[in-house]
Amino acid sequence: MDFDLPKEAKLVRRTVREFAESVLVPLVDEMEQTGEFPPGLTKQMGDLGVLGLVTAPEYGGSNLGYLARMIAVEEVSRVSAAAGISLQVHHMGAAAIGDFGSDGQKTKYLPGLCRGDSLGTCAITEPTGGSDLLGMTSTARPTTDGYVLNGRKCFITNCHLSDAVVTVAKTGEGPKGMSAFVVEKGTAGFCAGRHERKMGLRGSDTGEIIFKDCLVSREHLVGNEGDGMTIALKTISEVGRAGMAATALGILQACFDEAVKFARERTLYGRPIAQLQAIQWQVADIFADLEASRLLCYQAAWLKDAGRDCAIESTLAKTYVTEAAVRAAKKAVEIHGGCGTMLEYPVQRYFRDAMVCISAGGTAEIGKLVISRAALA
Ligand SMILES: Cc1cc2nc3c(=O)[nH]c(=O)nc-3n(C[C@H](O)[C@H](O)[C@H](O)COP(=O)(O)OP(=O)(O)OC[C@H]3O[C@@H](n4cnc5c(N)ncnc54)[C@H](O)[C@@H]3O)c2cc1C
C-alpha cells in the first residue's frame, strides 16, 4: 500500500498553501468582523484553479480529482474555514451539474463556475426538511413551458454569491417525486433572502433562497424528472460530506499547529509548558485525531477518484473529523489558558468554526445513522 501522495496532489498542497498564507491570512479578521465573504476572492480562487478541480477540462476545469480537492479545501481551511466551506459547497454545485447535467447545462454553467465568475451552490435544506429530506415542501409544478417553482430554502452556503443554483423541489410524492433544477440569478421569482449571522465560519455566506412563482424552462431540469433525490443524496454524501471533512481537517491542523506553538512558547515554573506531562497528553490527543482524520479523509477521496462507492467512507470521515476538530479545538483553547479565550488568539475561532461544521452537510446523528446501517448490515 502506497501512502505517498501523487505529485499533482503535493503540488496542489504547495500552491494552495502559498495562496492561503498570502491572500487569505490578511482577510481573516475582516471576514470575522463583517461576517461577509470578501468581494474578489471568488475570482482569485478561479485564477488559482481550485474552483475547477472536479470539473472536466472541456468545461474549463482541470479535473485533478477529489484527492486534490480534499487537499485544496484542507489547506484553505487551515487558514480560513469560512473560505473552505465556501469552496467545498461550490464544488458540490459544480459536481451536481458535471455529473448529472445535460451537455447544454455543462457548457452554459461550468466554464463560468471554474473561472470564478460566481460561486456554485446546492440549495436543498428547507425549514421543514434538513435531516428529513422528504419533509421538504418546495414544489416544481409542470406547465407547458417548463416548471413553476415555489418554496424557501434555508442555511444555503454561497446563496448571495451564486449565479447558478442547483436546487431540488417536489414534482410528485415520495423519493421519486423530487426533481433537480439549475436556476439562474435574475430569473423572475427567484431571489436570495436573509443573510444569516453565525457563531462560526462567519465569513462564509449563508442564507435563504426564495422561489415565488419562478418559471424555468425544461432546459433547467437536471437529469430526468424524479431524479432529484438521487442527485441530492449522491452530491451530499460523496461531495458535500467529504468537503466538510476537509474543512474540519484544516481546522484540526490549525489547532495542532497553534497548540504546539503555544506550548513551546509559554513558560511556567521556569520552563515551557510543553514539558508538563498534562500538556504533552493533550498535544498527543490532538495529534492522534489529526493523523486518523487525515487517513479517513484521503481514503474517502481516493475511493471517489477510483470511481468506487464512497458514501459510507465520506460520511465516516465527515462525522469523525468534525467531532475530532471540536475536541482538538477545545484542547487547543485549554492549552492556551486564559489567552485561549481572547479574540486575538485564533484558537477560539477554531472552536466556533468546528462547532458549525458538525451540522453543515448533515448532523452527527444522521452521520451515525448512516454509519451504523453499514456496520450492522
Ligand atoms: C454553516 C452551514 C452551511 C450549510 N450549507 C448548506 C448548503 O449549502 N445547502 C444546503 O442544502 N444545506 C446547507 N446547510 C444545512 C445543513 O445541511 C442542515 O443544517 C443539516 O442537514 C441539519 O438540518 P437542520 O438544521 O434542519 O436540523 P434538523 O434536521 O432539524 O435536526 C435537529 C436535530 O435533530 C437530530 N435528528 C434529526 N433526525 C434525526 C434522526 N433520524 N435520528 C436522530 N437524530 C435526528 C439532528 O441530528 C439534530 O440534532 C448548512 C448548514 C450550516 C449550519
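Residues numbered from 1 in each chain as written. Predicted model: local features only at pLDDT ≥ 70, side-chain atom pairs only at ≥ 80, totals over all residues. Heavy atoms only, no water.

### Focus on the nonpolar core
Grouped together as the largest cluster of nonpolar side chains are 101 residues, with contacts concentrated most on Met-45 and Ile-335. A total of 20 residues in this core trace back to one element, the largest contributor, which is helix H7 (residues 228-265). Leaving out residues up to four positions away in the same chain, Met-45 has contacts with Phe-19, Phe-37, Val-50, Leu-51, Leu-87 and Leu-119. Formed by 16 residues, the second largest nonpolar core is a distinct cluster that contains Ala-123, Cys-159, Phe-181 and Leu-221. (Core = buried A, V, L, I, M, F, W, Y, C linked by side-chain atoms within 4.5 Å. Buried < 20%, exposed > 50% of the residue type's maximum accessible area, 1.4 Å probe, protein only. Helix = DSSP H or I, 4+ residues; strand = E, 2+ residues; numbered from the N terminus. Contact = heavy atoms within 4.5 Å.)

### Regarding the environment of Asp-285
By the secondary structure assignment, Asp-285 is in helix H8 (residues 277-305). Distance in space between the C-alpha atoms of Asp-285 and Ala-328 is 7.7 Å, their sequence separation being 43 residues.

### Comments concerning helix H6 (residues 103-115)
In this model H6 runs 18 Å from its N-terminal to its C-terminal C-alpha over 13 residues, within 8% of the 18 Å that 1.5 Å per residue would give. At Tyr-109, H6 shows its largest bend, some 30 degrees, and a proline, Pro-111, comes one to four positions later. Of all the residues in H6, the buried ones are Gln-105, Lys-106, Tyr-109, Leu-110, Gly-112, Leu-113 and Cys-114. Packing partners of the buried residues in H6 comprise helix H3 (41-48), helix H5 (81-100), strand S4 (164-170), strand S5 (178-184) and strand S8 (221-222). (Expected span 1.5 Å × (residues − 1). Bend = angle between axes of the 7 residues up to and from the residue.)

### A short note on the state of the cysteines
On inspection of all chains with the given rule, the structure shows 0 disulfides. Cys-154 takes part in no disulfide bond, and the closest cysteine sulfur, belonging to Cys-159, lies 10 Å away. Using a relative accessible area of 9% as the deciding quantity, one classes Cys-154 as buried. Unpaired in terms of disulfides, Cys-339 finds its nearest cysteine sulfur in Cys-255, a separation of 16 Å. You can call Cys-339 partly exposed: its relative accessible area is 26%. (Disulfide = S-S within 2.5 Å.)

### A look at H3
Within the span of H3, buried status applies to Leu-41, Thr-42, Met-45 and Gly-46. Down the axis of H3, the sector holding all buried residues measures 145 degrees, keeping them to one side. Buried residues belonging to H3 abut helix H1 (7-24), H5 and H6. Within two residues after H3, Gly-49 carries a phi angle of roughly 100 degrees, on the positive side. (Arc of directions from axis to C-beta.)

### Re the domain arrangement of the protein chain
Per the domain assignment, the segments making up the protein chain are domain 1 (7-115), domain 2 (121-229) and domain 3 (230-376). For domain 2 and domain 3, the distance between their C-alpha centres works out to 30 Å. Across the interface of domain 2 and domain 3, roughly 1200 Å² is buried in total on both sides, 74% from carbon and sulfur atoms. Along the contact surface separating domain 2 from domain 3 lie 0 salt bridges. On the surface where domain 2 and domain 3 come into contact, there are 10 residue pairs in polar contact (both at pLDDT 80 or more). A class-by-class count of the residues in the side of domain 2 that touches domain 3 yields 9 nonpolar, 3 polar and 2 charged. (Domains from an automatic or database assignment. Buried area = accessible area lost by both parts, 1.4 Å probe. Salt bridge = Lys/Arg side-chain N within 4 Å of Asp/Glu carboxyl O. Polar contact = N/O pair within 3.5 Å; in protein donor to acceptor, adjacent residues only side chain to side chain. Nonpolar A, V, L, I, M, F, W, Y, C, P; charged D, E, K, R; others polar.)

### Looking at the packing of helix H4 (residues 66-79) against H5
Put simply, H4 and H5 touch, their axes get as near as 6 Å, and they point 155 degrees apart. Taken together, H4 and H5 sit at an angle that is classed as roughly antiparallel. Contact residues: H4 offers Tyr-66, Arg-69, Ala-72, Val-73, Val-76, Ser-77 and Val-79, while H5 offers Ala-81, Ala-83, Gly-84, Leu-87, Gln-88, His-91 and Ala-95. When its residues are assigned to classes, the contact of H4 with H5 shows 9 nonpolar, 4 polar and 1 charged. (Axes fitted to C-alpha atoms, helices over the stretch in contact; angles between N-to-C directions. Parallel < 35°, antiparallel > 145°, perpendicular 65-115°, else oblique.)

### A closer look at the site of the ligand
Taken together, the neighbourhood of the ligand is formed by 21 residues, with Thr-125, Ser-131, Thr-157, Thr-363 and Glu-365 sitting nearest. Within the contact set of the ligand, an oxygen atom lies 2.6 Å away from a side-chain nitrogen or oxygen of Ser-131. Thr-363 places a side-chain nitrogen or oxygen 2.6 Å from an oxygen atom of the ligand. In isolation the ligand exposes 970 Å². Once the protein is present, 65% of that is buried. Using a 2 Å cut-off from the grid points, one finds that the ligand occupies the largest pocket. A breakdown of the residues in the shell around the ligand according to their chemical character gives 11 nonpolar, 8 polar and 2 charged. Each of two domains, domain 2 (121-229) and domain 3 (230-376), supplies a minimum of three residues to the shell around the ligand. (Near = heavy atom within 4 Å. Areas by Shrake-Rupley, 256 points an atom, 1.4 Å probe, with all protein chains shown as cover. 1 Å grid on protein atoms, 1.4 Å probe; cavity = no way out; pocket = protein on both sides within 12 Å on 5 of 7 lines; lining within 4 Å. Sits in = over half its atoms within 2 Å of the grid points.)

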